[in-house]
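# A look at the structure
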Amino acid sequence: MQYYTWLANNKCQNRLVLLPFPLIVLIIFTSPPAPMPASPRITLTRRRPWGLRWRSSIWFVTAVVSLGITTDLLVYSAIIPVIPFQLEHLQYSSVSTLTGWLLCAYSAGLVLSTIPIAIYSERCSSRRIPLIIGLIALIISQILLMLAPNYALMAIARVSQGISSSMIWVVGLALLCDTTPEHMVGRQLGIAMTGLPVGLFVGSPVGGALYSRFGFHAPFIFGSICAALDLLARLLVIERHEAIRWGVDPWAAYLPPVESAACLVPDVQRLPTATPPVLTVAMRISDNSNILELGPTAPELPCLRSSAEKQQAALVRKPASLLSVITDLLRSPRALTALCMALVYGIVNSMEEPTLPLHLQALWHLNSSQVGLVYLATFLPALISSPVAGWLADHIGTDYITVLCLAFAAPWWLVLTLRRFLALFITALALQSFFVGGVVPAVTSELAAVSRNMQGVGYAHVYGAFNLAFGIGTAVGPVIGGQIYDHVRSGWTALCVITAALIVLCIMLAFCYTGPDPLLSKVFRQHVASKNVAVSSSKEQTLGPPAPE
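The structure presented is a predicted model; accordingly, all values stated were derived computationally and were not measured. (Residues numbered from 1 in each chain as written. Predicted model: local features only at pLDDT ≥ 70, side-chain atom pairs only at ≥ 80, totals over all residues. Heavy atoms only, no water.)

## Points about the state of the cysteines
Cut-off, in case you're wondering: Note on disulfides: each one is a pair of cysteine sulfur atoms within 2.5 Å. The classification of residues rests on relative accessible area computed with a 1.4 Å probe and restricted to protein chains. Under 20% of the type maximum is buried, over 50% is exposed, and intermediate values are partly exposed.
Counted according to the given criterion, the structure contains zero disulfides. Cysteine cysteine 340 is unpaired, with the sulfur of cysteine 506 as its nearest cysteine sulfur at 4.9 Å. Relative accessible area serves as the criterion here: at 21%, cysteine 340 is assigned to the partly exposed category.

## Some remarks on the confidence of the model for the protein
The condition that has to hold: Note on scores: pLDDT gives the predictor's confidence for each residue, bounded by 0 and 100. Residue contacts are counted whenever heavy atoms from the two residues lie within 4.5 Å of one another.
Looking at the protein as a whole, the pLDDT averages 78, with 78% of positions reaching at least 70. Note that residues 11-44 has pLDDT below 50 and, in this model, 27 contacts with residues that lie over four places away or in other chains. Across residues 257-314, where pLDDT falls below 50, the model places 83 contacts with residues more than four positions away in sequence or in other chains.

## Considerations on the packing of helix H8 (residues 151-179) against helix H9 (residues 185-192)
Applicable threshold: Lines fitted to C-alpha atoms define the axes, with helix axes restricted to the stretch in contact, and inter-axis angles between N-to-C directions lie between 0 and 180 degrees. The helix count covers DSSP runs of H or I at least four residues long, the strand count covers runs of E at least two residues long, and both are numbered beginning at the N terminus. Rotating anticlockwise by less than a right angle from the far helix to the near helix defines a left-handed crossing, while the corresponding clockwise rotation defines a right-handed one. Charged means Asp, Glu, Lys or Arg here, nonpolar means Ala, Val, Leu, Ile, Met, Phe, Trp, Tyr, Cys or Pro, and polar covers whatever is left, Gly included.
Close contact between H8 and H9 brings their axes to 10 Å; oriented N to C, the two are set at 145°. Of the two possible hands of crossing, H8 and H9 adopt the one that is right-handed. Contacts between H8 and H9 pair Leu173, Leu176 and Cys177 from the former with Val185, Gln188, Leu189 and Ala192 from the latter. Classifying every residue of the contact of H8 with H9 by side-chain character gives six nonpolar, one polar and no charged.

## Side note on the side chain of threonine 70
For the record, the criterion: By the criterion applied in these results, polar contacts are pairs of N or O atoms within 3.5 Å in which, for protein atoms, one can donate a hydrogen and the other can accept it, and in which residues neighboring in sequence qualify only through two side-chain atoms.
For threonine 70, the position within the fold is in helix H4 (residues 58-78). A relative accessible area of 15% places threonine 70 in the buried class. In this structure the side chain of threonine 70 is engaged in a polar contact, spanning 2.9 Å, whose partner is the backbone oxygen of serine 66. Within the structure, the side chain of threonine 70 is placed 3.4 Å from the backbone oxygen of glycine 195, a separation counted as a polar contact. Beyond its immediate sequence surroundings of up to four residues, threonine 70 is in contact with Gly195, Val198 and Gly199.

## Regarding the pattern of salt bridges
Here is the rule: We define a salt bridge as a contact between a side-chain nitrogen of Lys or Arg and a carboxyl oxygen of Asp or Glu at a distance within 4 Å.
A full pass over the atoms with the stated rule returns eight salt bridges. Salt bridges sharing partners connect three or more residues here, namely Glu122, Arg127 and Asp178.

Here it is in structure tokens:
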């Protein structure tokens, strides 16, 4: 008692250290917390990446995706001429059958991996990571196939190649659509698709030449070098959502200014009182010294404010469940039509692969080098038609381009049944390739539009479905083509007629369902409008002119 009286007399109430320990604990846990002043929040940020603008630009991403498609098709086609010789070297019999099964293993890997890759890509925060993983898998598969001592390892390597192919066709196209404004998607997809004929054109001749000059390992080393260059390009890519965090939007140069201020300019306004000031700590290390720079910054930059809110939605991924995605795609006539055309495209192209060389050899006695020159006529036209069709799809619509390309492609397949003139055959082959090549950018652009108009369905989902349909087509196409050519009299003619019929079916589907306002609806509205005008004019003629007063 005397102790507390002494504390009161000496006015030591604020000296907490003089109080007994139990009382100290009681005061700490029962006293309300004192209001703390707003303290600055410190955020640690990295330095701005070098080459941010060109590494995140639309054209660089387009070039990387096109290079990925080229590498994929180059690796796929470069080893086809050499696999039979390696199987003979390993003392296998029935080489043609085993080669066919290796091609099937590639298609199996592509088809089976498409759905998991599409789901993972939509849920992953970065498109670049799956692309890098896929290319590493491609390099490993090349090495494994080059050193495989038996058929089982060769089949595993081909499955791995199919998985890697799914990465670029699903994730790569989705990355391109993420980076490109809506009004430019068709053009950029058309440019990226030029990698398809380039890879096919370069792969087989280079693979055969390297095998003849340097042996079995040479085509695989060449493919691995191309894949390594592709890997370097993919590592340099900066995705749009990452670039926006640093104040750079790849769309900014292609969109008109909105509200007289771009989103790249920080909105430096007084922050609410409830929000503490933000201090950014930038660490720079040079000459063994650390320099800390402190300074107030605005809140995190918002995304580009455009006139259309759907352009902003491209930054936000809200993936739905697999069942919901499948249900939405099956309910969409536009999506089903585009996927049907992808299936037909895969069947038509792959039916031609095993049968065209045999037809040219049997009818005009062409050797392998001459057949290669004929294939040149099929690859070069697609280099022109693909970007042109993509540009036109952006300006006049996917419905017109799809129907026109298919309509002009169908007659040339009937010309290919003629047996008289080789020059006419090559011309018809080149023209059908030109128009069929123009369908692919329109179809992929149509799928991008479908994705933008479906809640929870991302670009990777629709391109996964596209890859799945195309993969099924390429898997069954060679089997159908080989069986018909071998077992049907005039097998080449039968294949051409079947192809023309499939194209006509696609024309009818595209006329009825392609585009937000299909051609069938436009024609029907025009017919109704003209009919109403005719009815109104006939009524006026029946009633006659008004009587004078």
